[in-house]
4 protein chains.
Amino acid sequence: MRIGRDVIEASNAKLRADHEADYAALGERLARRGVSIDAVTRQVAGFSVAVPSWGVGTGGTRFARFPGPGEPRGIFEKLDDCAAIHDLGRATPTVSLHFPWDRADPADLRAKAAELGLGFDAMNSNTFQDHPDDPRQPLSYRFGSLSHADAAVRAQAVAHNIETMELGEAIGSKALTVWIGDGSNFPGQSDLGRAFDRYLGAMKEVVAGLPDGWRVFCEHKMYEPAFYSTVMADWGTNYMTAVELGDRAFCLVDLGHHAPNVNIEQIVSRLIHARKLGGFHFNDSKYGDDDLDAGSIDPFRLFLVFNELVEAGGRLDALGPSYMIDQSHNVTDPIESLIRSADEIRRAYAQALLVDREALRGHQDANDALMASETLKAGFRSDVGPILARARLDAGGAIDPVAAYRASGYRARVAAERPAARATGGGIV
Amino acid sequence: MRIGRDVIEASNAKLRADHEADYAALGERLARRGVSIDAVTRQVAGFSVAVPSWGVGTGGTRFARFPGPGEPRGIFEKLDDCAAIHDLGRATPTVSLHFPWDRADPADLRAKAAELGLGFDAMNSNTFQDHPDDPRQPLSYRFGSLSHADAAVRAQAVAHNIETMELGEAIGSKALTVWIGDGSNFPGQSDLGRAFDRYLGAMKEVVAGLPDGWRVFCEHKMYEPAFYSTVMADWGTNYMTAVELGDRAFCLVDLGHHAPNVNIEQIVSRLIHARKLGGFHFNDSKYGDDDLDAGSIDPFRLFLVFNELVEAGGRLDALGPSYMIDQSHNVTDPIESLIRSADEIRRAYAQALLVDREALRGHQDANDALMASETLKAGFRSDVGPILARARLDAGGAIDPVAAYRASGYRARVAAERPAARATGGGIV
Amino acid sequence: MRIGRDVIEASNAKLRADHEADYAALGERLARRGVSIDAVTRQVAGFSVAVPSWGVGTGGTRFARFPGPGEPRGIFEKLDDCAAIHDLGRATPTVSLHFPWDRADPADLRAKAAELGLGFDAMNSNTFQDHPDDPRQPLSYRFGSLSHADAAVRAQAVAHNIETMELGEAIGSKALTVWIGDGSNFPGQSDLGRAFDRYLGAMKEVVAGLPDGWRVFCEHKMYEPAFYSTVMADWGTNYMTAVELGDRAFCLVDLGHHAPNVNIEQIVSRLIHARKLGGFHFNDSKYGDDDLDAGSIDPFRLFLVFNELVEAGGRLDALGPSYMIDQSHNVTDPIESLIRSADEIRRAYAQALLVDREALRGHQDANDALMASETLKAGFRSDVGPILARARLDAGGAIDPVAAYRASGYRARVAAERPAARATGGGIV
Amino acid sequence: MRIGRDVIEASNAKLRADHEADYAALGERLARRGVSIDAVTRQVAGFSVAVPSWGVGTGGTRFARFPGPGEPRGIFEKLDDCAAIHDLGRATPTVSLHFPWDRADPADLRAKAAELGLGFDAMNSNTFQDHPDDPRQPLSYRFGSLSHADAAVRAQAVAHNIETMELGEAIGSKALTVWIGDGSNFPGQSDLGRAFDRYLGAMKEVVAGLPDGWRVFCEHKMYEPAFYSTVMADWGTNYMTAVELGDRAFCLVDLGHHAPNVNIEQIVSRLIHARKLGGFHFNDSKYGDDDLDAGSIDPFRLFLVFNELVEAGGRLDALGPSYMIDQSHNVTDPIESLIRSADEIRRAYAQALLVDREALRGHQDANDALMASETLKAGFRSDVGPILARARLDAGGAIDPVAAYRASGYRARVAAERPAARATGGGIV
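Residues numbered from 1 in each chain as written. Chains lettered and ligands numbered in written order. Predicted model: local features only at pLDDT ≥ 70, side-chain atom pairs only at ≥ 80, totals over all residues. Heavy atoms only, no water.

Observations regarding the interface of chain A and chain B
It is common to report an interface's size as the accessible area lost on association of the parts. Facing 58 residues of chain A, the contacting portion of chain B comprises 58 residues. Buried area between chain A and chain B, summed over both chains or domains, comes out near 5200 Å², and the portion from carbon and sulfur atoms is 62%. Applying the counting criterion to the chain A and chain B interface returns 8 salt bridges. Inspection of the chain A/chain B interface yields 17 residue pairs in polar contact (both at pLDDT 80 or more). Here the side of chain A that touches chain B is composed, by residue class, of 26 nonpolar, 18 polar and 14 charged. (Contact = heavy atoms within 4.5 Å. Buried area = accessible area lost by both parts, 1.4 Å probe. Salt bridge = Lys/Arg side-chain N within 4 Å of Asp/Glu carboxyl O. Polar contact = N/O pair within 3.5 Å; in protein donor to acceptor, adjacent residues only side chain to side chain. Nonpolar A, V, L, I, M, F, W, Y, C, P; charged D, E, K, R; others polar.)

Here is the structure:
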């Protein structure tokens, strides 16, 4: 299945001359500002982001799921797709697994990943669905999991998280991401305070089970699947939780999990201040948790997040946040969406690197709002495409990875092997 | 299956004395204001709202669906459940069907409905899902239906709407509700103007197929399942459409389909002004199209909508809007949720009827903002529970319909007959 | 100026018979549920809320201010108006002052308040405006105050807060409320992290200046007057601040200072959990910080906040939160708005007291979402008007305080004494 | 006062070599795509936008106004500032006046504008403030203007609009923009339907007074200064109004006047479809009507609006929309903000011109969502700075207009002539 070097090289051959010209022209322009384009390219090349195993399948809404051709049937086919993404884009060397969806023999997972040149990022547990065939889950999560009113359900959810970490440890992961859908649909359905207390109690048991060297990332989300209250609804609750859970607990920021109009980059700044920024789930959104491709709706917002990361410098390095993509691909080939999303994330990083920080700081301290704003935007306005292409090229990837992917015939090949999935709809309006 | 009169009467017997006392006390208080409680009760009793056939099944989110016991397996079992709702609550004499979900022989549908004492409200077409087994739908709606770039898909969607009307005509319906999910997930994916033109063209064919005496209701929705643009996204587009489609086209307002903070009651007022208000899909929501029980999140908003309806008086009667519930029940027994939702809708109506309109108008004309506000709120603050109970009681229903339903053992009986449905999850984060 | 007892008694005389009937009927109904109406009335009577000195003047927007007749010209006339509010409503025995607006000789303030039967609540400092004539403020707050890039401006702002506390101590206040407008209008204008560090540094100096027995309340607000970032933008930042500032720092919740759709009552619950809830600024809003009369837009939301307070019980008592109104009255007589707002706040409290908490807890623990929701709403649906009236009456106030106020001729009398203010507009579109 | 050619040329001299290199490099890159940079530059140079007379003064919020040095004291000094903007940026040849703020002898206005090389754009009436000294406005607009309950107030507001047009006609304007603040702060305060009827009635009188060749633009806004309902709250009401008012009435879109998350570019598309797009008030915002500099918060959104305009092509030309900036400058020198805002608007236009529309249409028709999205973003990612600079340069403007402005010493010179304004605050929290 693997996309061959020949395909990539043939694609690059056609584009190389133009790329060289563009890179040189940009390099010349940056040099005038005293910036070495090669240095920026190296920094960008050093930045990678994990892809989610579930992201290579077609997503869906509560109304319908329209599968594409060649949907992966299990974790090993998902890893094949992840390899295609990384072979072309060279920005996504690790995969984030989701249990129990991706349950498999750890040795097999390690072997497959090694063969594909991939590693494993944070593990994701799943206590927001029932798995009727799983003997480990006799109790339903309909009314919650880690915050459930019934201690037996909480214990089951804790055990699932422990199991997820065991599997993760066996494949070399170093972190657990916990997102729960617990909450309520009606005022009164749940006691807001007691539910949070129960959640904290259960999470303390999860934290007690963290393997050596592991961290836990808690993920907040304003709403959905619960539509009135969500136990872990906002970054304030997440921060409060991380403080109560101790030194190994951190906050994960999903860009689509906030209220309308919220200044997300400032939340990032606050969590860096508190040394509790654990990482990101990157995606983009216009309305709710739309899970669209990173940077597709508001690229400036993505840039502003990276501006905070670059600005934080050493303080961020000390935190070592985990970068992951978390998207749902309903109308595109998931492989293509993940390739370009990783690229958009790197684009924002490259643009943030190009900000003249000394000048910016000077304007800020002088309350020169206009020049501060323009100095920041100068980074964003930079067309850093040549830098991104060079970072891929230097690492053996494609100048135009989507074009190379299409030329490779990968999708047709897997579609020939993997049976077509059935369109489904939820019966919900 | 039918809930027996004896069950209802036994339940009422226990509550009747208190009910009489409450009704008398409220009547006395209203009489002091010159209001006849019996007249209000009669008006309330005259107000009914349709239940959606799909609403008696458990809903779900894109993350999971947790079915309850005794889920109806088809339209005939759904009608049984609808009868239970109406037998107890006496506010929901009609059912709104959804095709192709509810496809059946029209004669059988008519016979079943007649047996249960139910009628049929507006028909709902479905071009937001694929139905792989339906030979009438060979083409996918993944990228749209009535606005699809491919004329063949549009023609298929038009034909489906025509078929929906044919079935509706055969069972005595008088209206078609058209809601489509068409839109795009990314800027650029769709040409916003051309997509709308295609939609209008297709809808003109649908309108041309309207049976005599029928109306068509177009339903707008801000987002979901499309997450960047939606062809029929707002009431402005809906109104523009209704004008272009002519005298038989009207706008349907779903309370959960608007942007945050929008003043929905003013939209209702504008559509009444333009004589284009076709009807409602009642539900409640806090975040997006949450489809929660009517009045459960913001009961004052529901009251303000009814205030516009009562205020419009004769202008509204000339429009004869269609009242429907459209909810998704994830954590409650759908029968219970629909009983109380119908009650909440009548509650808002009753409260609006209690507003002293002459005084209100006087305060408005005098710019006495405080007294105008207080006069309106006096209606809302009225505890009209005794009026609602009396309207049910007089029509043979239950004073406390949820209590009577629980006493009836209906859910256990249907659960014994209907096999348990399986919990499902979309594999989506 | 004082509204005479005779006016109140004359007004009550006309309403007393109906009031007695209503109170008796409600009492009878509550008794059937095992609730003593007199006990509830006593609890309600024990609940009071502070009025803001600035609230008795007409507010305005950036577009215009339309003053009403008889605007108070200074703090002593404002106190006269506050006395009128309390004389009629008997729910607002204290006034919250704002410096430097209300600067005056402390002895005079104490004497005036004693004469009027009023006390003083939390002090409010003001570093969001320049006061060109105040020799203590030579430096401008245009670009911030406690977080300003210039240490001299921060020092000036700290000194102002210290002075505010000194004045407060002299008049018997026990708390300082700090709200700042600091933030930025453009990405880049301000370094989000450094600005917060500077704010924390300055606030530590303020805290160091707290008199014995005092607390400080920090108030967050999403936006306005800053339109891109606000240093103290959300409850997460507020909580983080309160933790860093220590045991005497608490979070103040203004109901209008959150992002759209946010679940405010859950924030209240979280702050109670963390023992950091300092108090409230009550008002209502539909869009932003609209500062409308409490309960006028979403009365159910106000009830849900009080539901958390009642639910917290002893934990809340240990915190002793400070209850204040913070509204801007543009289209009503401020005295009338404050009377009815205090009443609405008490209404929400009374309704929350009527919730059957044992039943609620049972339904919650059984995951009976529908009955839990209905049990809570039963409290909200109660028409507690007779209880509110009785609480006023028993304390010497008016059954219908707005009617008594209008009958008193107070506004005309002060308008005759106080010169008309001039309408102004900002020249801003 | 005028900024001399020598200042501009001196500034350009330092930057010209780099500019030429950048322009050539971009030209070479575009040529490879078959695009002539000079053709694009010419199109950009042909695009201009009006500046608002009120925008050259410092804005404010309801909390405070912090004036900058050299605030213009009247319309003639405002025109001086507008000339400075156009002399440097060459994108803003016209000024939009606001009555009665800018009332002056028409002959003097014409003479001054001619001297400065400026023209006049649409006229703005003002019925959202009281002007106590204006004998033409004896009645207050506190409770509305064109929709006021009192016919005398409506007549006064109509007369003001007529007068505004008379003044406009005398100075060569061709359009009237009507924005009103009419609405209500509390449910019940205003009858939503009757208020709209009164508004339509009054506007019909305004339309009857339109001089030959004039158009009227109605401007909608979701909220502020009214905080519950606004008569002209959304584009649906605006469109309905424009239809009822007839062929000379059009809708004006202010980018900051919509609900959160709304897809503004689709509204633009709908109004083009209906041939009712009258023009724009450009600005940017994150929360409400923040009136920030265009493109400063979400530059991609501005680009998407221009994408619709370019896509519309001939249909747009037939409409001839009016382009205006409407911003409030609180923390910057207004002259600088207006220079860069005009530039940002042109930037979005230039980027939209660079979209490969044939390829885009092909991807759209093939439902290739990813390539359609990427094709559109390729335009946005283009760093068109050199094109903007060249358009200014060719027209006699500055390569770096803010730098040239600062070098000119203009602000210091006007500050020496114009007395310092006083900081003010509204007394509102």
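That shown, we press on.
Focus on the pattern of salt bridges
As enumerated under the stated definition, the model contains 164 salt bridges over all chains in all. Between R136 of chain B and D134 of chain B there is a salt bridge, with its nearest N and O atoms 3.2 Å apart. When its relative accessible area of 48% is taken as the criterion, R136 of chain B is described as partly exposed. When its relative accessible area of 11% is taken as the criterion, D134 of chain B is described as buried. Among the salt bridges present, the one from E77 of chain C reaches R418 of chain C, with a minimum N-O distance of 3.3 Å. Of this pair, E77 of chain C sits in helix α3 (residues 75-89) while R418 of chain C is found in the segment after α16 (410-417), placing the two residues 341 residues apart along the sequence. Exposure remark for E77 of chain C: the relative accessible area of 15% places this residue in the buried category. Assessed through its relative accessible area of 4%, R418 of chain C is described here as buried. Linked by salt bridges that have partners in common, D293, R340, E344 and R347 of chain A together with E374, K377 and R381 of chain D make up one network. (Buried < 20%, exposed > 50% of the residue type's maximum accessible area, 1.4 Å probe, protein only. Helix = DSSP H or I, 4+ residues; strand = E, 2+ residues; numbered from the N terminus.)

Remarks on the confidence of the model for chain A
Averaged over all residues, the pLDDT of chain A is 97; the fraction at 70 or higher stands at 99%. Across the interface, the model reports ipTM at 0.97; the global pTM reads 0.98. (pLDDT = per-residue confidence, 0-100.)

Concerning the packing of aromatic side chains
As enumerated under the stated definition, the model contains 80 aromatic pairs over all chains in all. Consider the rings of F282 of chain D and Y323 of chain D, whose centres lie 6.2 Å apart with planes at 10°: the pair is stacked. Placement of F282 of chain D in strand β10 (residues 277-282) and of Y323 of chain D in strand β11 (residues 322-325) is noted, with a sequence separation of 41 residues between them. Residue F282 of chain D shares its accessibility class with Y323 of chain D, and that shared class is buried. An aromatic cluster of three or more residues is present, and its members are F47, F280, F282, F306, Y323 and Y349 of chain A. (Phe/Tyr/Trp six-rings, centres within 6.5 Å; stacked < 30°, edge-to-face > 60°.)

Some thoughts on the relation of the copies chain A and chain B
Placing chain A over chain B gives an RMSD of 0.0 Å and needs a rotation angle of 180°, together with 0.0 Å of translation along the axis. Viewed as a symmetry operation, the transformation between the two copies matches a two-fold axis. Within chain A, R62 of chain A has its C-alpha nearest the rotation axis, a separation of 2.1 Å. The overlap is high: 100% of the interface residues of chain A also sit at the interface in chain B, so the same surface is used on both sides. (Least-squares fit on C-alpha atoms with pLDDT ≥ 70 in both.)

Section: the UniProt feature "domain: Xylose isomerase-like TIM barrel" (unreviewed entry) in chain A
According to UniProt, the positions carrying the feature "domain: Xylose isomerase-like TIM barrel" (unreviewed entry) are residues 97-291 of chain A. With 36% helix and 15% strand, residues 97-291 of chain A has end C-alpha atoms that lie 17 Å from one another. (UniProt positions renumbered as here; feature names shortened; annotations may be inferred.)

A look at the environment of L338 of chain D
All names here are of chain D. For L338, the location among the structural elements is in helix α11 (residues 334-353). Of the residues examined, L338 reaches a relative accessible area of 0% and is grouped as buried. With 57 residues separating them in the primary sequence, L338 and A395 have C-alpha atoms 18 Å apart. With residues up to four places along the chain from it excluded, the contact list for L338 reads V51, P52, G55, V56, I85, I325, Q327 and H329.

Observations concerning the sheet that holds strand β1 (residues 51-52) of chain C
All names here are of chain C. The 3 strands lie next to each other as β1-β2-β3, forming an open sheet whose pairing is parallel. Each of the sheet's edge strands pairs with one partner strand only, and the pair in question is β1 and β3 (119-120). In terms of strand pairing, β1 meets strand β2 (residues 94-96) through 2 bridges, oriented parallel. Within β2, the residue paired with P52 across the bridge is S96. (Pairing = 2+ DSSP bridges.)

Remarks on the side chain of R381 of chain C
Counting through the fold element by element, R381 of chain C comes out in helix α13 (residues 369-381). Ignoring any residue separated from it by four or fewer positions in sequence, one finds R381 of chain C in contact with E344, R347, R381 and D383 of chain B together with E374 of chain C.

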